[in-house]
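# Fold and geometry: a report
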Amino acid sequence: MSSDVNKITSLGRKCVNLPVSPRFAKLLLLSLQQDIIQYTLTIVAALSVGHIFTRRPVPAGFKPRGGPSKLLGDFMVLLSAFGAWEHSGGGLQWSTDHGLRYRALSEIRQLRRQLVNILNTAGVGADVKLQPNLQPPTPKTVSSPPQNYYHMPRRSHW
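The paragraphs below set out a description of the structure included in this document. (Residues numbered from 1 in each chain as written. Predicted model: local features only at pLDDT ≥ 70, side-chain atom pairs only at ≥ 80, totals over all residues. Heavy atoms only, no water.)

### A word on the overall build of the protein
In terms of helices and strands, the protein carries 8 helices and 0 strands. Listing the helices and strands of the protein from first to last along the sequence gives α-α-α-α-α-α-α-α. Within the protein, the proportion of its 158 residues that are buried is 38%. Put simply, of all contacts in the protein between residues at least 6 apart along the chain, 72% involve residues at least 24 apart. Counting every atom, the protein has about 9500 Å² of accessible surface; 53% of that belongs to carbon and sulfur. (Helix = DSSP H or I, 4+ residues; strand = E, 2+ residues; numbered from the N terminus. Buried < 20%, exposed > 50% of the residue type's maximum accessible area, 1.4 Å probe, protein only. Contact = heavy atoms within 4.5 Å. Areas by Shrake-Rupley, 256 points an atom, 1.4 Å probe, with all protein chains shown as cover.)

See the structure below:
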């Protein structure tokens, strides 16, 4: 048996300092390296909260858009929904009018703050500042997400 088998990597040592699931910890730390942590904070928070959409009938003639949404799929939908809600002022009426659960979006906002505090105090070398009004990801950002984005659980029933 090789002695390397029982050794923890430097990334693994940092992951154990974060009180989140190992999958989320690795995703957050890799996102720090690629400077896309703001988007990952939102995705991890949204996946932790669960359903953000209310059940509304799809309007007649609805056609999904292309672009970055095709590359990130459900993640881009979550980012877009949360980002639009934040830019609107984060109100109850706006979320209701757009088929979004206000409490879930408020929880995502709170979890993002908590994740920033965790990253900054966990001894992983992070100095993250929360950006409250997240801009949509650029095509370059979307084209190179951390490898773990593609191994995250996807919930197509949102």
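Back to the write-up after that little detour.
### Thoughts on the environment of Ser106
One can find Ser106 in helix α7 (residues 102-121). Taking relative accessible area as the criterion, Ser106 reaches 23% and is therefore assigned partly exposed. Linking Ser106 and Gly91, residues 15 residues apart in sequence, is a C-alpha distance of 9.3 Å.

### Examining the pattern of salt bridges
Under the definition given, this model contains 2 salt bridges. With a shortest N-O distance of 2.7 Å, Arg109 and Glu86 are connected by a salt bridge. Of this pair, Arg109 sits in helix α7 while Glu86 sits in helix α5 (residues 74-87); the two residues are 23 residues apart in sequence, bridging distant segments of the chain. We classify Arg109 as partly exposed; its relative accessible area is 23%. The partner of Lys129 in a salt bridge is Asp127, with the nearest N and O atoms 2.9 Å apart. Residues Lys129 and Asp127 agree in their burial class; the two are exposed. (Salt bridge = Lys/Arg side-chain N within 4 Å of Asp/Glu carboxyl O.)

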